[in-house]
Amino acid sequence: MTTLIKNGTVVTAGDTVKADVLIDGEQVSMIGKNLPGEGHDEVIDAQGLLLLPGGIDVHTHLELHVSDTVSSDDFFTGQKAAAFGGTTTHIDFAAQPVGGSLRQGIDERHAEAAGKVVIDYGFHLTITDLRDEVMKEIPTIINQGVTSLKLFTAYKGRMQVDDATLFRAMMTAAEHGMLIMVHAENGDVIAELTSRLLAEGKTEPKYHAVAHPALAEGEATARTIALAGIAGASLYVVHMTCEEAVEQLALGRNKGLPVMGETCTQYMFVFEDDLARPNFEGAKFVCSPPARRPKDAPILWKALADNTLQVISTDHCPFWFEGGVKGRVAGKELGKSSFHKIPNGMPGLEDRMPVMWHNGVNGGRYSANRFVEITATNPAKIFGLYPRKGTIAVGADADIVLWDPEKEHTISAKTHHMNTDYNVYEGMTVKGWPARTLLRGKSIVVGNEWRGKKGGGLFLRRRPNAEIL
Ligand code: URP
Ligand code: ZN
Ligand code: ZN
């Protein structure tokens, strides 16, 4: 099966060139000017369209079991929504079960994804209980294609690990070329502040932000970077939100440490004041770390542009605002009595590419090439998928988004495909929208039409010793 995409403009991290792209089977086989149009199974006219590498979102939580419920997108609904937004690969998390092995966590996650997947995906491994036998197990998961380990310095009493545990994981990761990912907030400080706020009767959603100060993120980020430096481990700090954290990352990078970071789309658009919206609406925006001050947004945009931050992800972790009704699983309403019971997370997997294009490229904050770099190329390089994923090149998987830079769309929960009843960007009109999404050469979205197939997604075995950018 061959497909020729004619008359488009190919945008990669390095170049913008008007060229035709020939796809043979699942891979790109030729890129050139005026490629012969005869003899192909399909010819797609991309006049006026850009050809972007399919987006890669390296931080998502589909079917995440937390707080007596589960995130509302499963592997089918979440991946389908991703494809409508121009994302063709995501990396989710397999969690070590309490008292269980890493292998068990990965096997259970494969079972949850099986039969539902419609785009390509991988797993990071979340470690919570680093017993000696688990420590020994770490290198064996590389053979299962899982090469990044996630640990938390927050969520005390649940996922939080102490410094010794974090450091031991880092030493082992360094030895085997694995990447350490950390959710960096000081969980002890958060637990202390939460208890005090609750004792004072301060239970509304807005107090979630008060319990999670920016300095607690800055402190944990600095500590985590220092520990990684001592261990010689490569570190990727997830969902960075504020000046206090980003300045620590910049310091570490200036010292030459192999440390990198991401922010998530919502942190440039949602702020702590949103948590104070009336009628419990603030709960929609409760995530950890929390939405910050408006003054942090320009710092994040600049860090994305100047490579202090290498990646934009979503931390997609949707919950119903009105859950537990109409056949829905429980959602944000679980925290009506107190902010500390609100399931943490926001939807965004479908919105990342258009929102970051419109506000980043059209907004003059970075070039189209840098957009490709932070949404696809850098994620592929850092997480061991490049050059199969993350670029448009001969031999690469033909994950291509035909991007219409002129198409306007107003984002709304009424039209999105994510399985949740609100959208963080409700009412935002963006210019730049996917006209067609191809996954390994097959069109899975064409305009508003879904053409993907359950089971069509592929588990990606990732390489260790990925790049430090
Ligand atoms: O609030 C969030 N971020 N929920 C998802 C879990 C995590 O901490 O990444
Ligand atoms: Zn987190
Ligand atoms: Zn997360």
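Around the zinc ion (ligand 2), the protein supplies His183 (ND1) and His239 (NE2) as donor atoms, at distances of 2.1 Å. Bound by four donor atoms, the zinc ion (ligand 2) shows angles of 57 to 154° at the metal and therefore irregular coordination geometry. The distance between the zinc ion (ligand 2) and the zinc ion (ligand 3) comes to 3.8 Å. You can see His183 sitting in strand 12 (residues 179-183) and its partner His239 sitting in the loop between strand 13 (234-237) and helix 8 (243-254), a full 56 residues away along the chain. His183 sits in the buried class, given a relative accessible area of 1%.

Relative to the helices and strands, Asn378 is located in helix 11 (residues 368-382). When near neighbours in sequence (up to four residues on either side) are disregarded, Asn378 contacts Asn307, Gln310, Val311, Arg370, Glu373 and Leu469.

Here we come to the site of ligand 1. Around ligand 1 lies a shell formed by His59, His61, Phe152, Tyr155, His183, His239, Cys287, Ser288, Asp315, Cys317, Asn344 and Gly345. In this structure, an oxygen atom belonging to ligand 1 sits 2.7 Å away from a side-chain N or O atom of Tyr155. Here Asp315 contributes a side-chain N or O atom positioned 2.5 Å from a nitrogen atom of ligand 1. For ligand 1, whose free accessible area comes to 270 Å², the fraction covered by protein is 96%. A molecule is said to occupy a pocket when more than half its atoms come within 2 Å of that pocket's grid points, and by this definition ligand 1 occupies the largest pocket. Residues of the shell around ligand 1, tallied by class, amount to four nonpolar, seven polar and one charged.

Moving on, we get to the nonpolar core. Grouped together as the largest cluster of nonpolar side chains are 104 residues, with contacts concentrated most on Leu125, Leu149, Met170, Ile180, Leu235 and Phe371. Considering each element in turn, this core owes the most residues, six residues, to helix 7 (residues 214-231). Once residues within four sequence positions are removed from consideration, Phe371 is found in contact with Leu52, Met353, Met356, Trp357, Val361 and Tyr366.

Surrounding the zinc ion (ligand 3) are the protein donor atoms His59 (NE2), His61 (NE2) and Asp315 (OD), which sit 2.0 to 2.1 Å from the metal. Classification of the site at the zinc ion (ligand 3) as irregular follows from its four donor atoms and the range of 86 to 135° in their angles at the metal.

Reading guide: rules and limits
- Residues numbered from 1 in each chain as written.
- Chains lettered and ligands numbered in written order.
- Predicted model: local features only at pLDDT ≥ 70, side-chain atom pairs only at ≥ 80, totals over all residues.
- Heavy atoms only, no water.
- Donors = N, O, S within 2.8 Å, 3.2 Å for Na, K, Ca; no water.
- Tetrahedral: all angles 85-135°; square planar, octahedral: opposite > 155°, others 65-115°.
- Helix = DSSP H or I, 4+ residues; strand = E, 2+ residues; numbered from the N terminus.
- Buried < 20%, exposed > 50% of the residue type's maximum accessible area, 1.4 Å probe, protein only.
- Contact = heavy atoms within 4.5 Å.
- Near = heavy atom within 4 Å.
- Polar contact = N/O pair within 3.5 Å; in protein donor to acceptor, adjacent residues only side chain to side chain.
- Areas by Shrake-Rupley, 256 points an atom, 1.4 Å probe, with all protein chains shown as cover.
- 1 Å grid on protein atoms, 1.4 Å probe; cavity = no way out; pocket = protein on both sides within 12 Å on 5 of 7 lines; lining within 4 Å.
- Sits in = over half its atoms within 2 Å of the grid points.
- Nonpolar A, V, L, I, M, F, W, Y, C, P; charged D, E, K, R; others polar.
- Core = buried A, V, L, I, M, F, W, Y, C linked by side-chain atoms within 4.5 Å.

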